[in-house]
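For reference, the chains in residue letters:
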Amino acid sequence: MTQTPKIDRTVTGNYFEDFKVGEEIVHPTPRTVTVGDVSVYTALYSGRFAVQSSDAFAQSIGYPRSPIDDTLVFHFVIGKTVPDVSRNAIANLGYAEFRFLAPVYPGDTIASTSEVIGVKQNSSGKNGTVYVRTTGRNQKGEPVLSFARWVMVVKKNLDLPAPETVIPELDKEISPDTLGKALPPLKLTVYDYALAGSPRRWGDYAVGDKINHVDGQTIEEAEHQMATRLYQNTARVHFNQHRESQERFGRRLVYGGHIISIARSLSFNGLANAFHILGLNGARHAAPSFAGDTIYAWSEVLDKAELPGRSDAGALRLRTFAVKDRDCADFPGVKEDGKLEDGVVLDMDYWVALPR
Amino acid sequence: MTQTPKIDRTVTGNYFEDFKVGEEIVHPTPRTVTVGDVSVYTALYSGRFAVQSSDAFAQSIGYPRSPIDDTLVFHFVIGKTVPDVSRNAIANLGYAEFRFLAPVYPGDTIASTSEVIGVKQNSSGKNGTVYVRTTGRNQKGEPVLSFARWVMVVKKNLDLPAPETVIPELDKEISPDTLGKALPPLKLTVYDYALAGSPRRWGDYAVGDKINHVDGQTIEEAEHQMATRLYQNTARVHFNQHRESQERFGRRLVYGGHIISIARSLSFNGLANAFHILGLNGARHAAPSFAGDTIYAWSEVLDKAELPGRSDAGALRLRTFAVKDRDCADFPGVKEDGKLEDGVVLDMDYWVALPR
Amino acid sequence: MTQTPKIDRTVTGNYFEDFKVGEEIVHPTPRTVTVGDVSVYTALYSGRFAVQSSDAFAQSIGYPRSPIDDTLVFHFVIGKTVPDVSRNAIANLGYAEFRFLAPVYPGDTIASTSEVIGVKQNSSGKNGTVYVRTTGRNQKGEPVLSFARWVMVVKKNLDLPAPETVIPELDKEISPDTLGKALPPLKLTVYDYALAGSPRRWGDYAVGDKINHVDGQTIEEAEHQMATRLYQNTARVHFNQHRESQERFGRRLVYGGHIISIARSLSFNGLANAFHILGLNGARHAAPSFAGDTIYAWSEVLDKAELPGRSDAGALRLRTFAVKDRDCADFPGVKEDGKLEDGVVLDMDYWVALPR
């Protein structure tokens, strides 16, 4: 008599066998980004980059108004993919060809789609790697962020045969020549370095520079939950203590993107003019974070590059480490044996823009 | 010499003897609702209904922009009544004739008034039931939400005689024929079910369907406090650990409306197109909730109805149970003896609209 | 080979010897204030002053829209000074000539500058008092808030000679004749006292009145952290449990301004029409507050004054005490020996405006 209707795919998520190469997934719930989101984000991370904080500053250098913080755009775009792509994921394996393509402003509506670009069943037959290319677009359909991502996903019906293996060709690193589309031309003559917080421009950094971001931020449960909910990211492990108390860690896991945002915000200390993220080579969540952890961060300048056809801004390639419960004055990162130091929770390789 | 001025009524609240049938109470502090409130609300509950999340989606189907979530409107309207109506209440006994009457948009200012429509002193003489009809209006004076409510209130001056008993005639149930005023005509041809998160329309649900909303949300003190303060709801039991540590539960109680919002948000899993609450028959807070509780939810379809004069949307009557620290895969609700299962904290009976 | 670049001043902060009398410090990160900030602020403190809560109410009495809460403006203006002025401060010693000068509205961008107006090395030679005059300005360059402040700051290079002592002449108290610039002319004929929450105007208060603000608010770590981050106040003691666990209190300290905002919000109970702070004589943080503390408050009317050239509003001088874990029904403040009662965490002396 009573029947349980078929649960929607976005409720249960896709399993390995559900991903078909070439399929385009339209992710639910487009999201209008507002100044309210900016304020909640500021309350969570206290970003101090002048361009994102002040409409007046942004307008003075050529933006129509303050753009949305790049990491917040990323959280929105990837958050939408969770129900379809990673609800049944075991591991987030990597990113490639990750580029911001257009600025996002309050009032814009962001939606995400993902194309399945590869699958490879693991030898165990119990799970496999799924490759997707995710694109976030604004209400005009313009791409604002695009990246490839691969995750290991559980297979549900083990009786099904393995699909044909397809491994996409992806650039190992993004070339700086392909970056900068989301950065409008800057009116450098009026860029106020005192207001921005530092006199140091692109030319003032050298490859090999190590920068301690000095401060530390202790994570509270309410904070990472509010952050992750703001992004409409529904991954269960972040919200459900009743369930997690019976799992491996016994506690809710902090969304890895929360650590990225903390590290990015701390990096203002020493990188005050690096207000824009151009693209990302990779972000490895080396260890889980939990409420009560205090996050510190430091960065190394891996590379420098000019941006194609422009003299207003240059690119720095940074490797930023977030480290828990350990001051970063001694730059804890990679040990002599090539492994990461204890406490490292994030190892992120990305390009930022600075005025020249 | 030093004198203590008379405290305002809104500080000490009304007692049973202060309520006079026919009196109209103007509740203090009108409230302009903004996109900031929407963002804080999203950070607290992570609502994913496309209409409320995306201006572009809302506009495509006939709204001028995203309307404010119905439950948020409810919290604002009822929050204003707390200082006058329920500061000295012992129990919230019931609701009737609860209907949303017009959409609320960012920028609208909401104010509440309540008419006293009944009083009945209890046989003990120490308290009594007060019936009020509360109306929330926008800045143009248009009603956006109206409901009757009855609460048990403490009598302070026991020497006063009992007032004449007046019990208002209230509909036991709202008729679906009276619902839908807050729902504009929908352009169904462009309603994007993929973006909305589910293909299931009104016709795809049947009376008796049981829907597990799957996820669970653990409540933090900071979260329920921030929610309840956002609504300018001043009920003391939610905020003052110093005082509550000496009371019955030894802890701050979570505002019942916080549970309603969690359950409503979880119900997206399985009811992704039920974006509008038409009205409510009742909401019973069966047990208190506290920080640390994990809230799950499930719903049963009690009834289906057409909406008068329209073919774009239909109504579902739902009974939604919120349950703490217990997965709802086995639909815990009413036991064989008619009592509620252990762990049920909310038993809510209401009508929602879905596209046809 | 690897070099650590010179850390910016705003990262390490100024030491006593870095302050030169006459120097003007431009504080980094201008801040556009938005309705999002207002919502987060409401979620943190639940302010109920009608003017700040309702655009419709504010417009009815002569504002173009709801102004930003004065305490929020203060937090933004002073938050910007932390990296430059008080990162290496031992103590916040006092305020003078603190006046709000123009209303701030959503969309305005606030920036702060500080002029060094005095220095006095302590006899120990290890630290000294620095006097600054800080001005917050909007995007048009108009001052919105100005105050003198003196802090005790650590000296780093003890080999440097003491600077010439300069102690600025500062008014001991602000004269009410100099107040009111941020208060537009009020249309009192339409001021709705029922909506505002109290019939009591300026004339209804007398010097010596004591007002219990009744309610208590328990502080959570996530709340004071989110508040302080919203203000972009980077003082380390509020955010870093890893570091503070090794310090004197073993815990994160709550930003003193958080207590000011809680007390101000509670003061609605009894002072519902005192919607504007004109200026401040002083705010003494008598003891630290921590997460878990419950804050109560009460106020005494110290003085009354007319405002120059206007009959629409008058000024009350208040002394507000915030007290932790103690109900304020018995007005705990100053003991017979002149010392503060146990539990007092804030002793604030300021002028507010009320309709006449």
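Just so you know, these numbers come straight off a predicted model, no measurement behind them.

> An account of the packing of aromatic side chains is requested, with residue identities and associated values reported.
Under the counting rule described, the total for this entry stands at 56 aromatic pairs over all chains. Where A:Phe57 meets A:Tyr191, the ring centres are 5.2 Å apart and the plane angle is 85 degrees; that geometry is what we call edge-to-face. Taken as a pair, A:Phe57 in helix α4 (residues 55–61) and A:Tyr191 in the loop between β6 (143–154) and α7 (193–196) lie far apart in primary sequence, 134 residues in all. Taken individually, A:Phe57 and A:Tyr191 each receive the classification buried, so the pair is uniform in this respect. Measuring from centroid to centroid gives 5.4 Å for B:Phe74 and B:Phe98, while their planes differ by 55 degrees, and the two rings are tilted. With B:Phe74 in helix α5 (residues 70–79) and B:Phe98 in strand β3 (residues 89–100), the pair connects residues that are 24 residues apart, well separated along the chain. The exposure class of B:Phe74 is buried, given its relative accessible area of 6%. A cation over a ring is seen here: A:Lys304 above A:Trp202, with NZ or CZ 4.5 Å from the ring centre.

> Now, about the interface of chain B and chain A: what can you tell me, with residues and values included?
Listed per partner, the contact involves 47 residues of chain B and 40 residues of chain A. In this assembly, chain B packs against chain A so that about 3,400 Å² is buried in total across both faces, 54% of it on carbon and sulfur atoms. Counting the surface chain B buries against chain A, the share from its top three residues, B:Ala43, B:Arg48 and B:Leu195, is 16%. In this structure, the connection of chain B to chain A is made through three salt bridges. One salt bridge connects A:Arg252 with B:Glu220, and the closest N-O pair in it is separated by 2.8 Å. For the pair chain B and chain A, the number of links is 24 residue pairs in polar contact (both at pLDDT 80 or more). Sorting the residues of the side of chain B that touches chain A by element identifies α2 (35–45), α3 (50–53), α4 (55–61), α7 (193–196), β7 (210–212), β8 (217–218), α8 (221–230) and β10 (294–306) of chain B as the ones contributing at least two each. Top contributing element to the side of chain B that touches chain A by residue count: α2(B), with eight residues. Its residues assigned to classes, the side of chain B that touches chain A shows 19 nonpolar, 17 polar and 11 charged.

> Any chance you could break down the relation of the copies chain B and chain A for me, citing the residues and the numbers?
Overlay of chain B on chain A (RMSD 0.0 Å): rotation 120 degrees, translation along the axis 0.0 Å. What the rotation and shift describe, once combined, is the action of a three-fold rotation axis. Considering only C-alpha atoms, the part of chain B nearest the rotation axis is B:Gly36, at 2.1 Å. A share of only 11% of the interface residues of chain B reappears at the interface of chain A, consistent with the copies meeting through non-equivalent patches.

> How would you summarise the interface of chain C and chain A if you had to cite specific residues and measurements?
In this assembly, 40 residues from chain C lie in contact with 47 residues from chain A. Approximately 3,400 Å² of surface area, both sides summed, lies buried where chain C meets chain A, with 54% of it carried by carbon and sulfur atoms. Counting every contact that joins chain C to chain A gives three salt bridges. When the shortest N-O distance is used, the salt bridge between A:Glu223 and C:Arg229 registers 3.1 Å. Summed over the shared surface of chain C and chain A, the result is 24 residue pairs in polar contact (both at pLDDT 80 or more). Every element with two or more residues in the side of chain C that touches chain A is listed here: α1 (9–12), β2 (31–32), α2 (35–45), β4 (109–121), α8 (221–230) and α9 (241–244) of chain C. Among the elements that make up the side of chain C that touches chain A, the one with the highest residue count is α8(C) (six residues).

> Break down helix α2 (residues 35–45) of chain A for me, citing the residues and quoting the values.
Residues and elements named next belong to chain A. Of all 11 residues in α2, 10 are buried; the element is thus mostly enclosed. By the burial criterion, the buried members of α2 are Val35, Gly36, Asp37, Ser39, Val40, Tyr41, Thr42, Ala43, Leu44 and Tyr45. Of the residues flanking the end of α2, it is Ser46, one or two places downstream, whose phi is positive at about 60 degrees.

> For the domain arrangement of chain A, give the residues involved together with the corresponding values.
Residue and element names in this part refer to chain A. By the assigned domains, chain A splits into domain 1 (1–33 + 68–171) and domain 2 (173–356). Using C-alpha coordinates to define each centre, domain 1 is positioned 23 Å away from domain 2. Joining domain 1 to domain 2, the criterion identifies zero salt bridges. Along the contact surface separating domain 1 from domain 2 lie 12 residue pairs in polar contact (both at pLDDT 80 or more). Of all the elements in the fold, those that place two or more residues in the side of domain 1 that touches domain 2 are α5 (70–79), α6 (82–86) and β3 (89–100). For the side of domain 1 that touches domain 2, the per-class residue count stands at 12 nonpolar, five polar and seven charged.

> Run through the environment of A:Pro176, naming residues and quoting values.
Residue and element names in this part refer to chain A. If you trace the backbone, Pro176 turns up in the loop between β6 and α7. Looking at Pro176, the relative accessible area reads 16%, which means it is buried. The spatial distance from the C-alpha of Pro176 to the C-alpha of Gly279 is 8.6 Å, given a sequence separation of 103 residues. Not counting the four nearest positions on each side in its chain, Pro176 is found in contact with Ala305, Glu306, Leu307, Pro308 and Trp351.

> Provide a residue-level description of the nonpolar core, including the pertinent values.
Core analysis: the largest hydrophobic core is formed by 165 residues, its most contacted members being A:Phe74, B:Phe74 and C:Phe74. In this structure, B:Phe74 is in contact with B:Gly79, B:Tyr95, B:Phe98, B:Phe100, B:Leu145, B:Phe147, B:Tyr255 and B:Ile260, ignoring residues within four places of it in sequence.

> Account for the relation of the copies chain C and chain A, with residues named and values stated.
When chain C is fitted to chain A, the best match, at an RMSD of 0.0 Å, comes from turning it 120 degrees and sliding it 0.0 Å along the axis. Little of the interface of chain C is mirrored in chain A: 12% of its interface residues are interface residues there too.

> Hey, could you go over the packing of α8(B) against α2(C) for me, with residue numbers and the actual values?
Here α8(B) crosses α2(C) at 115 degrees, and the two axes come no closer than 6 Å. Compared by their axis directions, α8(B) and α2(C) come out roughly perpendicular. Handedness of the α8(B)/α2(C) crossing: right-handed. Within the contact between the two elements, α8(B) uses B:Gln225, B:Met226, B:Arg229 and B:Leu230 and α2(C) uses C:Ser39, C:Thr42, C:Ala43, C:Leu44 and C:Tyr45.

> I'd like a description of the side chain of C:His27, backed by residues and values.
Residue and element names in this part refer to chain C. If you trace the backbone, His27 turns up in the loop between β1 (24–26) and β2. A relative accessible area of 0% places His27 in the buried class. Among the polar contacts made by the side chain of His27, one reaches the side chain of Ser114 at a distance of 2.6 Å.

> Please set out the side chain of A:Asp312 residue by residue, giving values where relevant.
Residue and element names in this part refer to chain A. By secondary structure assignment, the location of Asp312 is in the loop between β10 (294–306) and β11 (313–324). The exposure class of Asp312 is buried, given its relative accessible area of 10%. Here Leu186 takes part through its backbone nitrogen, which lies 2.8 Å from a polar atom of the side chain of Asp312. Within polar-contact distance, the side chain of Asp312 engages the side chain of Arg310 at 2.8 Å.

> Give a description of the pattern of salt bridges that names residues and reports values.
For the coordinates displayed, the defined rule picks out 45 salt bridges over all chains. C:Asp349 is the salt-bridge partner of C:Arg317, the closest N and O atoms lying 2.5 Å from each other. With a gap of 32 residues between them, C:Arg317 in strand β11 (residues 313–324) and C:Asp349 in strand β12 (residues 344–355) connect regions that are remote in the sequence. In terms of burial, C:Arg317 and C:Asp349 fall into one category: buried. When salt bridges that share partners are traced, they join A:Glu173, A:Arg317 and A:Asp349 into one network.

> Run through the pairing of strand β9 (residues 276–285) of chain B, naming residues and quoting values.
Residue and element names in this part refer to chain B. Counted residue by residue, β9 has eight buried out of 10 residues, so it is predominantly covered. Of the pairings in the sheet, the one linking β3 to β9 comprises two bridges and is antiparallel in character. Paired with Arg99 across the bridge in β9 is Gly279. Note: β9 against strand β12 (residues 344–355), eight bridges, orientation antiparallel. Each residue of the ladder has a partner; that of Gly282, found in β12, is Asp349.

The rules behind each value
- Residues numbered from 1 in each chain as written.
- Chains lettered and ligands numbered in written order.
- Predicted model: local features only at pLDDT ≥ 70, side-chain atom pairs only at ≥ 80, totals over all residues.
- Heavy atoms only, no water.
- Phe/Tyr/Trp six-rings, centres within 6.5 Å; stacked < 30°, edge-to-face > 60°.
- Helix = DSSP H or I, 4+ residues; strand = E, 2+ residues; numbered from the N terminus.
- Buried < 20%, exposed > 50% of the residue type's maximum accessible area, 1.4 Å probe, protein only.
- Lys NZ or Arg CZ within 6 Å of the ring centre and 35° of its normal.
- Contact = heavy atoms within 4.5 Å.
- Buried area = accessible area lost by both parts, 1.4 Å probe.
- Salt bridge = Lys/Arg side-chain N within 4 Å of Asp/Glu carboxyl O.
- Polar contact = N/O pair within 3.5 Å; in protein donor to acceptor, adjacent residues only side chain to side chain.
- Nonpolar A, V, L, I, M, F, W, Y, C, P; charged D, E, K, R; others polar.
- Least-squares fit on C-alpha atoms with pLDDT ≥ 70 in both.
- Domains from an automatic or database assignment.
- Core = buried A, V, L, I, M, F, W, Y, C linked by side-chain atoms within 4.5 Å.
- Axes fitted to C-alpha atoms, helices over the stretch in contact; angles between N-to-C directions.
- Parallel < 35°, antiparallel > 145°, perpendicular 65-115°, else oblique.
- Left-handed = near helix turned anticlockwise from the far one by under 90°.
- Pairing = 2+ DSSP bridges.

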